[in-house]
Amino acid sequence: MPEWMIPWIIVGLVIYPLILIERWIHRHVQGLGLLISNDPQVAVLVYYIAMLPGVILHEASQWLLAQILRVPIKNFQIWPDQQKGQTVRLGLVDIEDTDSVRATLIGVI
């Protein structure tokens, strides 16, 4: 096996458990809010407050990169928003249509 493949194999083996841990944490933080309050809206608020530092960092970095790449921003939001079904969006940086390279760079962050 080539030496350059070893880091990729390690990344592949580590990513799946990290995704499972992330889902577990998100479920349990919101579940804790539901247990404390018995109100789904308060549970979302508890979840949002727990995730707020990461949301601010994530959305601010997307906003900053959009500014650096001179991509106009349609909407910037750092508060929870109920989506279809049970999904809650914690933040949003909505950019104007641009080329795929800049859109991908902003979206990756």
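Caption draft 1: Broad picture of the packing of helix α2 (residues 40-68) against helix α3 (residues 100-108). The contact between α2 and α3 brings their axes to 8 Å, and the two run at 155°. When the interaxial angle is binned, α2 and α3 end up roughly antiparallel. Taken as a pair, α2 and α3 cross one another with a handedness that is right-handed. Together, Gln62, Leu65 and Ala66 of α2 and Leu105, Ile106 and Gly107 of α3 make up the contact between the two elements.

Caption draft 2: Molecular detail of the environment of glutamine 30. Topologically, glutamine 30 is positioned in helix α1 (residues 5-37). Note on glutamine 30: relative accessible area 28%, which makes it partly exposed. Among all residues touching glutamine 30, those that are not within four sequence positions of it are Ala43, Val44 and Tyr47.

Caption draft 3: View of the side chain of glutamate 59. Position of glutamate 59 among the secondary structure elements: in helix α2. Despite being buried, glutamate 59 has no salt bridge partner; arginine 89 is the closest side chain of opposite charge, sitting 7.7 Å away. What glutamate 59 contacts, discounting residues up to four positions off in sequence, is Phe76, Gln77, Ile78, Gly91, Leu92 and Val93.

Analysis parameters
- Residues numbered from 1 in each chain as written.
- Predicted model: local features only at pLDDT ≥ 70, side-chain atom pairs only at ≥ 80, totals over all residues.
- Heavy atoms only, no water.
- Axes fitted to C-alpha atoms, helices over the stretch in contact; angles between N-to-C directions.
- Helix = DSSP H or I, 4+ residues; strand = E, 2+ residues; numbered from the N terminus.
- Parallel < 35°, antiparallel > 145°, perpendicular 65-115°, else oblique.
- Left-handed = near helix turned anticlockwise from the far one by under 90°.
- Contact = heavy atoms within 4.5 Å.
- Buried < 20%, exposed > 50% of the residue type's maximum accessible area, 1.4 Å probe, protein only.
- Lys, Arg positive; Asp, Glu negative; His and termini not counted.
- Salt bridge = Lys/Arg side-chain N within 4 Å of Asp/Glu carboxyl O.

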